[in-house]
Amino acid sequence: MEGMVQQAVTQNLMNVAKVVEDQLDEQIYKLENMNDDDLDSLRKKRIESMKKQQIKKQKWLEDGHGEYREVHTEKDFFKEMKGVERMVCHFYRENWPCKVMDKHLREIAAKHVETKFIKIDAEKSPYLTEKLKIWMLPTLCLVKNEKVEDYVIGFNELGGSDDFPQSYLLARLANSSMLNYEGEGVAKPKPLEPGEAARKIRTGGHGTRELDSEDENSDFSDEE
């Protein structure tokens, strides 16, 4: 029985490989048999795509992407978040771990203009720290389409120390679809299992957080 199952699995894999191979052969055939009109059409589509991407990039830059900025009030946080597809907010205080995170985020922001990067002083933001259950610093709040969907809390997911490679942070953000990153040959940290980040929040699962009501301040601790 076990042999039959293994044989069936092997056959399925072979069938999938054959389908992929046929698709590649078809694409190669089309490329090899393109005429001048086909090439001209492909070139125009490529140019149009580049133009659209450049327009999008320019809009991002005008909206504050491409730099790592501090916002000083909770009102400013909501203003920065409005209409933004992807935003990373660093909740910080004046300590060494947060300065380490600052250094990495400043460099990443300049390279990944597809995402907005900001920081806010957690001690001066009682509503946000309570609403988002910020209890350890540094914490990165990952916002997609005006909703908080994930957190990077401390350095546990980045190797557990303050000398983690920047590629680990890039990969962690990419795992949450916060930026475009292929790894450049560097091994990525293990992605979080579903609900794993939520279990790190004192009050339980965080899910997607809507920011629409006022709460009192919360206590939080530093990453050692």
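First, a word on what this report is: a plain description of the structure on this page. (Residues numbered from 1 in each chain as written. Predicted model: local features only at pLDDT ≥ 70, side-chain atom pairs only at ≥ 80, totals over all residues. Heavy atoms only, no water.)

## Some remarks on the nonpolar core
Of all hydrophobic cores here, the largest spans 24 residues; its most connected members are Phe77, Phe91 and Cys141. At the level of elements, α3 (74-81), β2 (86-92), β3 (116-121), α5 (126-131), β4 (136-137), β5 (139-144) and β6 (147-153) are the ones that each hand at least two residues to this core. The element that contributes the greatest number of residues to this core is β2, accounting for four residues. Within the second largest apolar cluster, 22 residues are counted, among which are Ala109, Phe117, Met178 and Leu179. (Core = buried A, V, L, I, M, F, W, Y, C linked by side-chain atoms within 4.5 Å. Buried < 20%, exposed > 50% of the residue type's maximum accessible area, 1.4 Å probe, protein only. Helix = DSSP H or I, 4+ residues; strand = E, 2+ residues; numbered from the N terminus.)

## Description of the packing of aromatic side chains
Note on aromatic pairs: each is described by the distance of the centres and the angle between the planes. Per the stated rule, a full pass over the model turns up four aromatic pairs. Seen in terms of ring centroids, Phe77 and Phe78 are 5.6 Å apart; in terms of plane orientation they differ by 90°. Their pairing is edge-to-face. The buried category is assigned to Phe77, whose relative accessible area is 0%. A ring pair is formed by Phe155 and Phe164, whose centres lie 5.2 Å apart and whose planes are at 55°; its orientation type is tilted. The same class applies to Phe155 and to Phe164, which are both buried. Ring pairs connect the aromatic residues Phe77, Phe78, Phe91 and Tyr127, which therefore count as one cluster. Looking at Lys119, its charged tip hangs above the ring of Tyr92, at a distance of 4.2 Å from the centre. (Phe/Tyr/Trp six-rings, centres within 6.5 Å; stacked < 30°, edge-to-face > 60°. Lys NZ or Arg CZ within 6 Å of the ring centre and 35° of its normal.)

## A closer look at the pairing of β3
A large share of β3 lies buried, amounting to six of its six residues. The pairing of strand β1 (residues 68-70) with β3 spans three bridges and is parallel. Its bridge partner lying in β3, Tyr68 is registered against Phe117. Alignment of β2 against β3, held across six bridges, turns out to be parallel. Within β3, the position partnered with His90 by the bridge is Lys119. You can see the chain leave β2, run along helix α4 (residues 96-111) and come back into β3, and the turn it takes is right-handed. (Pairing = 2+ DSSP bridges. Right-handed = clockwise from strand over helix to strand, strands pointing away.)

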